[in-house]
Structures are given as C-alpha cells and as structure tokens.
Amino acid sequence: MIKSDTLNILNKLTLQRIINLFKLYLSFIFSRITKKSIVFGLPTALSIEPTTACNLGCPECPSGLKKFTRKTGNLKNDLNNKIIDELNKKLLYINYYFQGEPFINPLIFEFIKKANSKNIYTSTSTNAHFLTPQNSIKTIESGLDRLIISIDGTSQKTYELYRINGSLEKVISGTKNIIEAKKRLKSKTPHLIFQFLVVKHNEHEINDAIALSKKLGVNEIRFKTAQVYDYKNGNELIPKNKKYSRYKLNKKGEFELKNKLYNHCWRMWSSSVVTIDGKLAPCCFDKDAKYKIGDLKTKTFNSIWHSETYNKFRALILSNRKEIDICQNCSEGTKVWT
C-alpha cells in the first residue's frame, strides 16, 4: 500500500515535471558514460535556507557552534519568489532547510505558501522549540507537506547531551501542538516524521523513541546516522551498533566512511542548495557554502545551473570525487545508479 505522503508527492507531478525528471536522469546516465558533464533540464528539487541562526548548540553543527564564515541572517521574500517564479513548472520538491532553525525566520510561512500556490511539495526540519499553538496553526495553513522533528533522546539527560541548550519537553509539546492543529483544521498534512540522530550516548533509547512516536501519534520515525568531522581515530559520538554508524574500522585500526564513494552523484544533476543570500551551493554537505557556484541576486537560476563553473564541478565528481572535501563525509549518492 502506498503511503499517503508518497501519494501526496505523486499528486504534485505534472507532465512538464515528469519530462524534466526524465531529461535529468537521462543526462546523468550520459554523463557517467562519457565522463563529461551533460545536463538537460532544470533541478527537480531544491533546498532553500530560511536562516543561518539557531537557538541550540549541537556539537557537530556549524550553525549551532557559530563557526560559519557566512553571516547570520534570514532569507527574504523577494529571493524566494524569484526562485519559484523561475522554476515552478519544473520544480517538484522544496526543502526549506539547510543550516539553522527554519522557524526563527517569521517569513517561513509565506515561503511555504508561495511554493504551495504553485503545487510544489514542501518540507522542512525543525528542533520544534518554536512550534507554539499559534505557529502550529500557521504551519497547517501554509500548506506544508512534510515536517521533520528532531528528537535525539527520550530523556532530558540524554537529549541535551547533543541538543545543547535544548528542552525535550518543548519538543514533545511542539509535536502535540502540531498534531492538535492538524485535528482542529482537519488536515492530513504535514506528514510528521520524528528524526532520531543515533550517537553513542542515545542508542540505548531507540526502542523508547519508537514507543514515544506511536504514543504521540506522529506518522513515522526515522533513524539517521551521525556525521562527525573528526572520525579517523574514533569519536565519542560514533555508536557501537554498526547498523547506525556511518563509519567502520579498517585494517589499519582507523575509522573510515562505510560506503564506497563512486565517481558520480545523482544530486549534482537533480538538485541544488540556495543560501539565505542567494548563493548556490552544490549540496547540503557544503555546510559553509565553500563551493559557491553562482549568485541568484545577479543571475538567473538557469544560467548558473548550466554554467561552466557548475559543469566543472560535476566533471570533478565524475573523475575524482574522493578528492572533494565535502564528499569525503558523504552518506548520499554512493550506490551505483542513485
């Protein structure tokens, strides 16, 4: 049986979006065969960053640690509108999240409404501290399709070890507020997902997290492997359960990425990331937007997407991906055809 969330995405498909997706995948295959960057069409998915600000201080997050070279600020309506107006006929999915806590930006609801008016599937990820009853109603009214709530522990003692300055009570309260707002407005959306980042100090609470998700009535729970920056000689965050670790010990007794990095990445052909100030970054692993590929304040998305700079980066992915620093800690795009 197809999940309602999947059906919701499928309902957003139009003939133009289907053709665009086919063209992107075809060009991805041709690029892999020829080892040259060939791109037909425009991205089917985007991550758009509402803010770089965050109320928490998570130890592996540059936003929480305030270690950005980028400024702290919020996305403006004019930039969001420009992107959607240019891409809406081809764009299927927008994730209003990159770095920072999206609900810090009071315009988040307007961003989602704009995308929803063009029948684009919308998603965001939150630490739930700003999901007040009022904001929960606004979230439902905006038309948001998916809401990911980070919950990395089922006790305050465990939760705050990673979500520094965070309150588990606020997470649970925010979750209840959203569920109540859905009932009050008789809405099936957003599809609610608990995301549990598995690290060594919380892996013993996995079963409790499953039970809590069922008790509260969220739609599903997902367990995510943690990215750590310093892993070669081990890291206190790496879980003991190998199933939930992004890393493995090699013959030298050092940790390395579990998945093999193939010289290709579907994301370079299917999606992109837009920062608060309109810069294009290749993917969400470029957290500080080191690889700035273009500026939407001065150029169209189409011109940047098909630019020599973007194609050179894609070509580098095809030839020697392991030499690109942001790819060296990547858990995505590692399978042969995805």
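Our structure's up above, just so we're on the same page.
Only a predicted model underlies this, so the values are computations on that prediction, with no experimental measurement involved.

Procedures and definitions
- Residues numbered from 1 in each chain as written.
- Predicted model: local features only at pLDDT ≥ 70, side-chain atom pairs only at ≥ 80, totals over all residues.
- Heavy atoms only, no water.
- Helix = DSSP H or I, 4+ residues; strand = E, 2+ residues; numbered from the N terminus.
- Buried < 20%, exposed > 50% of the residue type's maximum accessible area, 1.4 Å probe, protein only.
- Contact = heavy atoms within 4.5 Å.
- Phe/Tyr/Trp six-rings, centres within 6.5 Å; stacked < 30°, edge-to-face > 60°.
- Salt bridge = Lys/Arg side-chain N within 4 Å of Asp/Glu carboxyl O.

Draft legend 1. Examining the environment of Cys 330 more closely. Following the sequence through the fold, Cys 330 ends up in the segment after α11 (308-320). Its relative accessible area of 5% is what places Cys 330 among the buried residues. Note: C-alpha distance between Cys 330 and Arg 246 (84 residues apart in sequence) is 8.9 Å. Once residues within four sequence positions are removed from consideration, Cys 330 is found in contact with Leu 257, Leu 261, Phe 285 and Arg 321.

Draft legend 2. Representation of the packing of aromatic side chains in the model. Applying the stated rule across the entire model yields 13 aromatic pairs. Between Phe 30 and Phe 40 the ring centres are 6.5 Å apart and the planes differ by 85°, which places this aromatic pair in the edge-to-face class. Here Phe 30, found in helix α2 (residues 15-34), pairs with Phe 40, found in the loop between α2 and β1 (45-48); they are ten residues apart in sequence, far enough to count as distant. Residue class for Phe 30 comes out partly exposed when judged on its relative accessible area of 36%.

Draft legend 3. Structural context of the pattern of salt bridges. Per the counting criterion, the structure on display carries eleven salt bridges. Several salt bridges converge on common partners, so that one network encompasses Glu 49, Arg 70 and Asp 288.

Draft legend 4. Representation of unusual backbone geometry. For the bond from Thr 189 to Pro 190, the omega torsion is 5°, close enough to zero to count as cis. At Lys 35, a residue that is not glycine, the phi angle is positive and equals roughly 65°. Structurally, the position occupied by Lys 35 is in the loop between α2 and β1. Residue Lys 35 is classed as partly exposed on the basis of its relative accessible area of 49%. The phi dihedral of Lys 186 falls on the positive side, at around 55°, and the residue is not glycine. Checked against the element boundaries, Lys 186 lands in the loop between α7 (168-184) and β5 (191-198). Taking the relative accessible area as the measure of exposure, Lys 186 reaches 78% and is therefore exposed.

Everything listed here is a matter of geometry and, on its own, says nothing about what the molecule does.
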